[in-house]
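A structural walkthrough
Below are the chains, spelled out letter by letter.
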Amino acid sequence: MSSLLVVLIFLLPVAPSATADADCVACHGDKGELKQESVHEGLACIDCHAGAGAKGHPDSGKMPHVQCASCHEDVDKDYRQSVHAELHAQGDAAAPDCASCHGPSHEILPASNPASRTAKRNLPETCGACHANPDFLAKHKVPFARPVETYRLSVHGRAVQKGDAKAASCSDCHGSHAIVPARSERSPIHHSNVATTCSKCHVEIGKAFAGSVHGEAAARGVRDAPVCTDCHGEHEILAPAEAGSLVNAARVSTVTCGRCHGDERLAQKFNLPADRVAAYKDSFHGLAQRSGSQTVANCASCHGIHNILPSRDPGSTVHPANLGKTCGACHPGAGQRFAIGRIHFGAGTASEHPVVRAIRILYLWLIPLTLGFMAIHNGLDFVAKLVRGAPGGRSGQRVPRMNRHFRIAHGLTVLSFPVLVVTGFALKYPESWWARPLVAWEGEAAFRGAVHRIAAVVLLLSLLYHVVHLAVSRRDRSILRQLMPALGDARALWGTFCYNLGLAKERPTFGRFSYGEKMEYLAYMWGSAVMAVTGCLLWFNNITLAYLPSWVADAATATHFYEAVLATLSILVWHFYMVIFDPAVYPMDLSWITGQASADHLRETRPEYYRELVRSLEPPASTPAAPTEAAPLAGPDTKGPPDE
C-alpha cells in the first residue's frame, strides 16, 4: 500500500503536464515538439508558455511572450546591461533578443552541440546576421568595416573553422550576454581591458606585456599607450609570418611601431625622440627591409616584442650594457672590443657621430662644387664649339689609341659600373619605379644584393687586371707618368676657359692626355679604392662590428653612398661629354671598342703627341711608302696597324 502511494505522489504532478503537452501537439503538430537534443528537453510546454493551461489558451486567445528570465535570471540581468537591450528598449526592431542569437525556443541547442547557433564555429554567422549586414552597420554607425568578414580571414577565425576549440570566437572577446560598446570601461575590449582579455588565452605573453613600458603605461590609464589590438589589429589578426600581418617582419617597423614613434604629436606629448623611425628607414637595416628582406633586423629584433623596456632599464635589450648581446644575435662578436654607440641617429642631429657628420658635410660641399665645375666647363666648351663649327677637311683616318689590355680593363668597368649604380641606388630608393623590378626579386633570395656584389667583384677584377698589366708591361706603364698632373695642366685649364669665353685666340693643346683625362683617371682610381674599402666594410659587416667601433660602419655607409653619387654624376657629366657629346668626337669616340682614335682629333688637340705616335709607327727606312703626317696609318675603311 505504501509503495502505491509513493508512485501516485510522483505521478500526480506529471500527469497534467503530460496531458497538456499532448494537447499542444494535437493542435500545433511539429511546432509543439522540441527539437531533438534541445537544451530544453525534459521541460513541459507550460514551463515556458505560462499562459497556456491544461484546458487550452486564455480566453483572449493571445499568449504572452516566453519569459526566458524566469529560468535564466542571471543571464537576463547581464543582457539588460548590454547595448543590445538598450537598443531593444529604444524600440529598434533590429535589436537582438534571446531568439535572435539562440534561435526559437523549440530549436535551442547547447553551445557544445556543433549545430547550435552559439557553437564556437557558428558564432560568426550568428553575429554576422546583423554585423555583416551593410545596412545594419550603416544605420548603427558601427565603426569597423566588415568586422565579421575580416574575422573569418584572421588566424583565430581560420582556426575556429578547423575545429580548434581553444581559438577565440566572437564571445571570447566581446562577451556573451553583457555586450557593451568598446568605449565602456565594462567592455572586455575597452582599451584598459584588452590585455586582460587577450591574456585569457595568451597567458605568458600577457605577463610579459604587463611588465613592459607599454603595459605599465596602459595600466596607468594612458590612452595612447599601445595594447594588443593596436599592434595586432582588432578582427583581422594574422600570424606574423603572413605578409598582411601588422607585425610581419617587413611591416612591423614602419607600419606598426612607426605609427606611434613616427607621430610628431605623440613625440611632443611624451617627450619621445622624433627621428627614430626616419633614422631606421634610412639605415642599412631599414633600407634592406624596405627592399623586401624578411631577415634583416626590425624594431622587434632589438627592442623585443611584448617585453619592451626603456633603454635606461638594466633589463632592456637595448640598455648600453646589453647592446653587444643584442647585436651579437645577428653579428657575432659585436661590441666585444668596442662599445656599441648610437644606433638611431638622423643626419645633422646631435646624436650623429662627429666623423659621420664630417663626412656628410665634406661631400655635401664636394659634390655640388665638383659637378658645378664640370657643368660650367663642358657647357662653355659645347657652346663654343657649336658657334665656331667643326674644322673642315675631315679625313676619317684613325691611329692606335688603346691596346687590347686597356680595352679589356675598360670593358669590365663598362659592364660592372652601370650594374653597381642601378643595384646600389635601388637599395637606397626601393620605392622608385625603376627599382621595383629589382626589389620584387629581393626577399629571401637577396637578388639585388647578390647582383650588386657580383658587379663589385667584376669591377675589382678590372682594376686588378689593369694593375697587373701595367706591372708586366714596361712600355704601357709609361702612361702612369704621363697621367700625373703638372703645372702645365693648370695653365691649359685656364687657357681653355679663356678660349671658350673668347678671351684668347688660340686653344691650348695637350700631350698624350689632357687635363680632363688626367683628372678623371685619378678620380676613378681614388673613387674605386674608396668604394672598395667602404664596400668591404659593409659587405663583411660581422668582422667590422667585431673588430672596429660601430661608428666605422656608419661612416662607411655615408661614404659609400655619397661617393657613389659623386662617381655616377661625374661619369654622366664629365666622361660622357668627353666620349659622346663633345662635338669634336660626336657621336662617339670608339677607341674603347676598336682601339683606334680619330687622327684628325689628335692632330688638332695633341699635335706633338700625334707626331710622336706617327713616328713610332713608321716602318723601317728600307720599306718604301712610309706613312707621313699627311697620310696616317689607317684609312676610314681599313683595319689599321696592330694595337700591340
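In this text the structure is predicted, and so the values were computed from the model without any measurement. (Residues numbered from 1 in each chain as written. Predicted model: local features only at pLDDT ≥ 70, side-chain atom pairs only at ≥ 80, totals over all residues. Heavy atoms only, no water.)

Helix and strand content of the protein: 33 helices and two strands. Burial status across the protein gives 34% buried among its 644 residues. When contacts within the protein are restricted to residue pairs at least 6 apart in sequence, those whose partners lie at least 24 apart make up 62%. Of the accessible surface of the protein, which amounts to about 37,700 Å², a share of 64% is contributed by carbon and sulfur atoms. (Helix = DSSP H or I, 4+ residues; strand = E, 2+ residues; numbered from the N terminus. Buried < 20%, exposed > 50% of the residue type's maximum accessible area, 1.4 Å probe, protein only. Contact = heavy atoms within 4.5 Å. Areas by Shrake-Rupley, 256 points an atom, 1.4 Å probe, with all protein chains shown as cover.)

This next bit is on the pattern of salt bridges. Between side chains of opposite charge, a pair can form as their charged atoms come close. In this structure the tally under the stated criterion is 20 salt bridges. Across the pair Asp-92 and Lys-139 runs a salt bridge whose closest N-O atoms are separated by 3.8 Å. Separated by 47 residues along the polypeptide, Asp-92 in the loop between α5 (83–89) and α6 (98–102) and Lys-139 in helix α8 (residues 134–139) bring together distant segments of the chain. Of the residues examined, Asp-92 reaches a relative accessible area of 14% and is grouped as buried. With relative accessibility at 56%, the residue Lys-139 sits in the exposed group. With its nearest N and O atoms 3.0 Å apart, the salt bridge here joins Asp-275 to Arg-276. A cluster of three or more residues bridged by salt bridges with shared partners is formed by Asp-381, Lys-385, Arg-507 and Asp-582. (Salt bridge = Lys/Arg side-chain N within 4 Å of Asp/Glu carboxyl O.)

The subject of this paragraph is the environment of Ser-550. If you trace the backbone, Ser-550 turns up in helix α30 (residues 550–581). With near-sequence residues (within four places) excluded, Ser-550 lies in contact with Ala-339, Ile-340, Gly-341 and Leu-545. For Ser-550, the side chain forms a polar contact with the main-chain nitrogen of Gly-341, separated by 3.0 Å. (Polar contact = N/O pair within 3.5 Å; in protein donor to acceptor, adjacent residues only side chain to side chain.)

In contact at an axis separation of 8 Å, helix α23 (residues 404–428) and helix α25 (residues 447–472) are set at 155° when each is read in the N-to-C sense. Taken together, the axes of α23 and α25 are roughly antiparallel relative to one another. For the pair α23 and α25, the sense of crossing is left-handed. (Axes fitted to C-alpha atoms, helices over the stretch in contact; angles between N-to-C directions. Parallel < 35°, antiparallel > 145°, perpendicular 65-115°, else oblique. Left-handed = near helix turned anticlockwise from the far one by under 90°.)

On to the packing of aromatic side chains. In total, this model carries eight aromatic pairs according to the counting rule given. Centroid distance Phe-510 to Tyr-515: 5.6 Å. Interplanar angle 80°. Geometry classified as edge-to-face. The class of Phe-510 is buried, set by a relative accessible area of 13%. Each member of the aromatic cluster is reached from another via a ring pair, and the members are Tyr-363, Phe-425, Tyr-429, Phe-561 and Tyr-562. Looking at Arg-388, its charged tip hangs above the ring of Tyr-499, at a distance of 3.8 Å from the centre. (Phe/Tyr/Trp six-rings, centres within 6.5 Å; stacked < 30°, edge-to-face > 60°. Lys NZ or Arg CZ within 6 Å of the ring centre and 35° of its normal.)

Further remarks concern the packing of helix α22 (residues 354–388) against α30. Taken N-terminus to C-terminus, the directions of α22 and α30 make an angle of 5°; their axes are 10 Å apart at the nearest point. With respect to α30, the axis of α22 lies roughly parallel. Residue classes in the contact of α22 with α30 are distributed as 23 nonpolar, five polar and four charged. (Nonpolar A, V, L, I, M, F, W, Y, C, P; charged D, E, K, R; others polar.)

Glancing now at unusual backbone geometry. Residues Tyr-586 and Pro-587 are joined by a peptide bond in cis, for which omega reads 10°. With respect to the helices and strands, Pro-587 occurs in the loop between α30 and α31 (591–594). Even without being a glycine, Lys-141 presents a positive backbone phi close to 55°. Within the secondary structure, Lys-141 is located in the loop between α8 and α9 (147–153). By relative accessible area, which is 69% here, Lys-141 ends up exposed. Although it is not a glycine, Asn-271 adopts a positive phi angle of roughly 55°.

Formally, a disulfide is one covalent bond, and it connects the sulfur atom of one cysteine to the sulfur atom of another. Scanning the entire structure with this criterion turns up zero disulfides. This cysteine, Cys-130, is not joined by any disulfide, and Cys-101 carries the nearest cysteine sulfur, 7.5 Å off. For the unlinked cysteine Cys-170, the closest cysteine sulfur is that of Cys-127, found at 3.9 Å. (Disulfide = S-S within 2.5 Å.)

End to end, α23 covers 36 Å across 25 residues, agreeing with the expected 36 Å (1.5 Å per residue, within 8%). Buried within α23 we find Phe-406, Arg-407, Ala-409, Thr-413, Ser-416, Leu-420, Val-421, Thr-423, Phe-425, Ala-426 and Leu-427. N-cap assignment for α23: the residue whose side-chain oxygen lies 3.0 Å from the backbone N of His-405 is Asn-403. (Expected span 1.5 Å × (residues − 1).)

Further remarks concern the confidence of the model for the protein. Model confidence for the protein is summarised by a mean pLDDT of 86, while 89% of its residues fall at 70 or above. Contacts of residues 1–17 to residues separated by more than four positions or lying in other chains number two contacts, the stretch itself having pLDDT below 50. Note that pLDDT drops below 50 for residues 635–644; the model gives that stretch 23 contacts with residues more than four away or on any other chain. (pLDDT = per-residue confidence, 0-100.)

As a further point, take a nonpolar patch on the surface. A cluster of nonpolar side chains, contributed by Val-457, Leu-461, Leu-464, Val-468, Val-472, Trp-539, Phe-540, Ile-543, Tyr-547 and Leu-548, occupies part of the molecular surface with about 940 Å² of accessible area. If one sorts the elements of the nonpolar patch by residue count, α25 sits on top with five residues. By the element assignment, Leu-461 lies in helix α25. Overall, Leu-461 belongs to the partly exposed group, its relative accessible area being 46%. (Patch = residues over 30% accessible without salt bridge, like charges linked within 9 Å, V, L, I, M, F, W, Y side chains within 5 Å.)

Take the side chain of Asp-381 next. Structurally, the position occupied by Asp-381 is in helix α22. Judged by its relative accessible area of 2%, Asp-381 is buried. Polar side-chain contacts of Asp-381 include one of 3.4 Å to the side chain of Asn-500. Not counting residues within four places of it along the chain, the set of residues in contact with Asp-381 comprises Asn-500, Arg-507, Tyr-577 and Asp-582.

Looking now at the nonpolar core. Ranked by internal contacts, the top residues of the largest apolar core, which has 17 residues, are Val-356, Ile-359, Tyr-363, Ile-367, Phe-425, Ala-558 and Tyr-562. Of all the secondary-structure elements, those providing two or more residues to this core are α22, α23 and α30. When residues of this core are assigned to their parent elements, the largest contribution, seven residues, is made by α30. Discounting chain neighbours no more than four positions away, the residues touching Phe-425 are Trp-434, Phe-561, Ala-564, Val-565 and Thr-568. Counting eight residues, the second-largest nonpolar core is a separate cluster that includes Ala-597, Ala-599, Tyr-610 and Leu-613. (Core = buried A, V, L, I, M, F, W, Y, C linked by side-chain atoms within 4.5 Å.)

In this section: α22. Its 35 residues give α22 an end-to-end C-alpha distance of 51 Å, which sits within 8% of 51 Å, the value for a rise of 1.5 Å per residue. On its buried side, α22 packs onto α27 (487–500), α28 (515–539) and α30. Gly-389 sits one or two residues past α22 and shows a positive phi near 85°.

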